[in-house]
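Secondary and tertiary structure notes
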Amino acid sequence: MTKKLLLKNGFIVDGQKNSEIKKGSIIIENEIIQDVIFEDKINQDNYEVIDIEGNYICPGFIDVHSHSDLTIIAYPEAESAISQGVTTVISGNCGFSVCPTNNTISSILTEAKSYGIEDIQWRTVGEYLNFLEKTEIAVNHAYLVGHGQIRAEVVGYSNTKLDYEKLQQMKFEVEKALDEGAIGLSLGLIYIPGRFSDLEELVELAKVVKKKERVVTNHMRSESSALLEAIQESIDISRLSGVNFQISHLKAAGSGRGKALQACEKIREAIDSGINIAADQYPYNASNTGLSQVLPPQYLEGSIEEIIKKISEDPEMVAEEIEKYPHTPWDKIIISEAYNPKLSKYLGMSISEIARDMKLSEARTVIELMRIEEYDLGAIYFLMDQEEVDYIAKQDFVMVASDSAVRNCDTPAFPHPRTFGSFVKFISYYVKERKDISLSDAVFKMTYFPALKFGIKNRGAIKKGFFADLVVFNYKEIEDRATYSNPKSLAKGIVNVFVNGKKAFENGTVICKNGKVLRDFD
């Protein structure tokens, strides 16, 4: 007979907003929290006892914005996530997903091979989730179906307005994905092909999501010069469809600097008027996306293979066009990911530094990097003012996310530090250092708030009957250690992490892969 597990003498932060932190004990049987006890004396007979005296315990963190679609297969230990207390990740964000796939299989396979995955054993969302269920993973995984992926399947990557038949086909594909277990629909309106969608298309698809009572997330058309207009579009989609809506990685970047206050006021007014909208954010002043985003719009139509072909035909002319187009200063763009061994020496270097090594102009360097890689490269862009990042973080409608992909420390990539640090940094910086947010409210932003928003049942709080996804941490020692120069560094202060009732992380090591594929959101 398996003994119940007793975690005793911990300071319990239960995940709920404004909750009182009290010393107590938690009883776990199988996967479930059986009881939460705030008494000094407990009969410890028939329990396996773990004394966490002096440490804090809270629900496992939920990363609502992850791009772990393929990396969860390549790195099932999910070391970057679980080491900072994340027990659930939601992938398929920004309109990108790896299913459904048929017409786009070559692009998905190209990306998969970059992670050492030689074959794609799925075509539909249901088949993908079934595949994951056969894979031992360390954290729970939920999946958004990508609007851009579905649009590419239906009409390709061209600038096409959907006719009635194609729109009905897209609606069918969205509903099918939701029925097969997708947690919602993600939009990536700054990317190809999502940027070709109009409001009518987006509202019609959102109505499908509303019918299923799921969520729509949005990487908006602009996070810079047209930030406020992009927020208004998000509000309009939610208002006209009634759907539960999430703005992804809210920021005021580049030429949008100075607009954070207005952006937050706009969202607050929408919430006050009854619009069901919220946002997430990573606590850093640099973003991470494809290097292709420095290309002028005329080169961004088509698949990534088609884009590379276009920029390679007349590189001098394209370089001139790149220089004319507004972009982040070259010394503020750092290459974070490239899979061609010829480019490995450039990981962690700025475009300016690489240009000097290649003896090319910066614009020509961008073209050459993409040509050698034969795919898009990951790049870090220093775009935001820290004061505005801090302002957004304090808003009560903003939760925490990594906007990253799970990795292990042995990954060849040079990832953004948010990959290994986002959740611990939120506590160490905003709670301990700045004292802007209480520990209870910070934990709420990372646990029960996202669980409620995304419809993740019986997780995100320390409650009787909830799944035992738990983090034990030393509050005095908790600190993020991932930096831009040394991003693959585990956080300090995370003592233990439990996933579905089993101890999964201890002493800096993943010791158990007990994650589940989450697909029941009705």
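Residues numbered from 1 in each chain as written. Predicted model: local features only at pLDDT ≥ 70, side-chain atom pairs only at ≥ 80, totals over all residues. Heavy atoms only, no water.

Considerations on the layout of surface pockets
Let me state the cut-off plainly: Definitions used for this entry: grid spacing 1 Å over protein atoms alone; cavity, a set of points where a 1.4 Å probe fits but cannot get out; pocket, an open set with protein on both sides within 12 Å along at least 5 of 7 lines; lining residue, one with an atom within 4 Å of a point. Grid points are joined across faces, edges and corners, and a volume is the space filled by probe spheres set on the points. Classification convention: Asp, Glu, Lys, Arg as charged; Ala, Val, Leu, Ile, Met, Phe, Trp, Tyr, Cys, Pro as nonpolar; all other residues, Gly among them, as polar.
By volume, the second largest pocket amounts to about 160 Å³. The residue inventory of the lining of the second largest pocket, partitioned by class, reads five nonpolar, no polar and four charged.

Overview of the packing of aromatic side chains
To keep it simple, the criterion reads: Geometry of aromatic contacts follows a simple scheme: Phe, Tyr and Trp rings, the Trp one being its six-membered ring, pair when their centres are within 6.5 Å, and the pair is stacked under 30 degrees between planes, edge-to-face over 60, tilted otherwise. The secondary structure listing takes helices from DSSP runs of H or I that are at least 4 residues long and strands from runs of E that are at least 2 residues long, numbered from the N terminus. Three exposure classes are used, based on accessible area relative to the maximum for each residue type with a 1.4 Å probe and protein chains only: buried under 20%, partly exposed in between, and exposed over 50%. In this scheme, the term charge over a ring applies when either NZ of a lysine or CZ of an arginine sits within 6 Å of the ring centre and within 35 degrees of the ring normal.
Enumeration over the complete set of coordinates arrives at 15 aromatic pairs. An angle of 50° between the planes, with centres 5.0 Å apart, marks the rings of F426 and Y430 as tilted. Here Y430 and F426 lie together in helix 15 (residues 418-433), a separation of four residues that amounts to about one turn. We note that F426, like Y430, is buried. Over the face of the ring belonging to F467 we find R459, whose NZ or CZ atom lies 3.9 Å from the ring centre.

Some points on empty space enclosed by the protein
In this structure the tally under the stated criterion is three cavities of 30 Å³ or more. The set of elements that each furnish at least two residues to the lining of the largest cavity consists of helix 2 (79-82), strand 7 (86-91) and helix 15. For the lining of the largest cavity, the per-class residue count stands at six nonpolar, seven polar and one charged. Empty space within the second largest cavity amounts to approximately 60 Å³. Ranked by residues supplied to the lining of the second largest cavity, first place goes to helix 14 (residues 386-393) with three residues. Here the lining of the second largest cavity is built from residues that sort into seven nonpolar, two polar and three charged.

Focus: the sheet that holds strand 15 (residues 378-382)
Condition: Only strands that DSSP links by at least two bridges are regarded as paired with each other. Axis geometry follows a simple rule: fit a line to the C-alpha atoms, using only the stretch in contact for helices, then measure angles between N-to-C directions, giving values from 0 to 180 degrees.
Across the sheet, three strands lie side by side as 13-15-14; this open sheet has antiparallel pairing. Looking at strand neighbours, the two that pair on one side only are strand 13 (286-290) and strand 14 (333-337), the edges of this open sheet. The average undirected angle you get between the axes of adjacent strands in this sheet is 30°. Strand direction decides the pairing type here: strand 14 and strand 15, joined by four bridges, are antiparallel. The residue of strand 15 that forms the bridge with I335 is A379.

Overview of unusual backbone geometry
Omega for the bond connecting C99 with P100 falls within 30 degrees of zero, at 0°, which places this linkage in the cis form. By secondary structure assignment, the location of P100 is in the loop between strand 7 and helix 3 (105-114). Of note, the phi angle at N18 is positive, near 60°, even though the residue is not glycine. Positionally, N18 belongs in the loop between strand 1 (4-12) and strand 2 (22-29).

Considering the nonpolar core
Soluble, globular proteins show a tendency: their nonpolar side chains are buried together. Test applied: Buried residues of nine kinds, namely Ala, Val, Leu, Ile, Met, Phe, Trp, Tyr and Cys, make up a nonpolar core once their side-chain atoms join them within 4.5 Å.
Counting residues in each nonpolar core, the largest one holds 138 residues, and the members touching the most others are Y128, L250, L291 and L369. Here this core takes seven residues from helix 15, the largest share from any one element. Counting 35 residues, the second-largest nonpolar core is a separate cluster that includes V36, I90, F454 and A461.

Structural notes on the pattern of salt bridges
Our working rule: The salt bridge definition used is simple: a Lys or Arg side-chain nitrogen within 4 Å of an Asp or Glu carboxyl oxygen.
Under the counting rule described, the total for this entry stands at 31 salt bridges. Between K4 and E29 there is a salt bridge whose closest N-O contact spans 3.9 Å. Highlighted residues: K4 in strand 1 and E29 in strand 2, separated in sequence by 25 residues. Across the pair D236 and R239 runs a salt bridge, and its minimum N-O distance is 3.2 Å. Of the two residues, D236 and R239 both sit in helix 8 (residues 227-241), three residues apart, roughly one turn of that helix. Looking at D236, the relative accessible area reads 15%, which means it is buried.

Description of the sheet that holds strand 16 (residues 398-400)
Within the open sheet, the eight strands sit side by side as 6-7-8-9-10-11-12-16. Their pairing is parallel. Edge positions in the open sheet fall to strand 6 (61-63) and strand 16, since each of these has one partner strand only. Put simply, the sheet's adjacent strands are angled 30° from each other on average, direction ignored. Note that strand 8 (residues 140-146) and strand 9 (residues 184-188) share three bridges and pair parallel. In the strand pairing of strand 9, L144 is matched with G184.

A short note on the environment of L5
Threshold: Throughout, a residue-residue contact means that at least one pair of heavy atoms, one from each residue, lies within 4.5 Å.
In this structure, L5 sits in strand 1. Note: C-alpha distance between L5 and V203 (198 residues apart in sequence) is 48 Å. Setting aside its immediate chain neighbours within four residues, L5 contacts I26, I27, I28, E48, I50, F498 and G501.

Remarks on helix 9 (residues 260-272)
Along an α-helix, a turn takes 3.6 residues, which lines up residues three or four apart on a common side. Selection rule: Multiplying one less than the number of residues by 1.5 Å gives the expected span of a helix. The arc under discussion is defined with respect to the helix axis, by the directions toward the C-beta atoms.
With 13 residues, helix 9 ought to run about 18 Å at 1.5 Å a step, and its terminal C-alpha atoms sit 18 Å apart, in line with that. Of all the residues in helix 9, the buried ones are A260, A263, C264, I267 and A270. The arc that holds every buried residue of helix 9, seen down its axis, measures 120°, which confines them to one face. Exposed side of helix 9, more than 90 degrees from the buried face: E269 and D272 are the residues found there. Count one or two residues on from helix 9 and you reach G274, which has phi positive near 105°.

In short, shape yes, function no, at least from these values alone.
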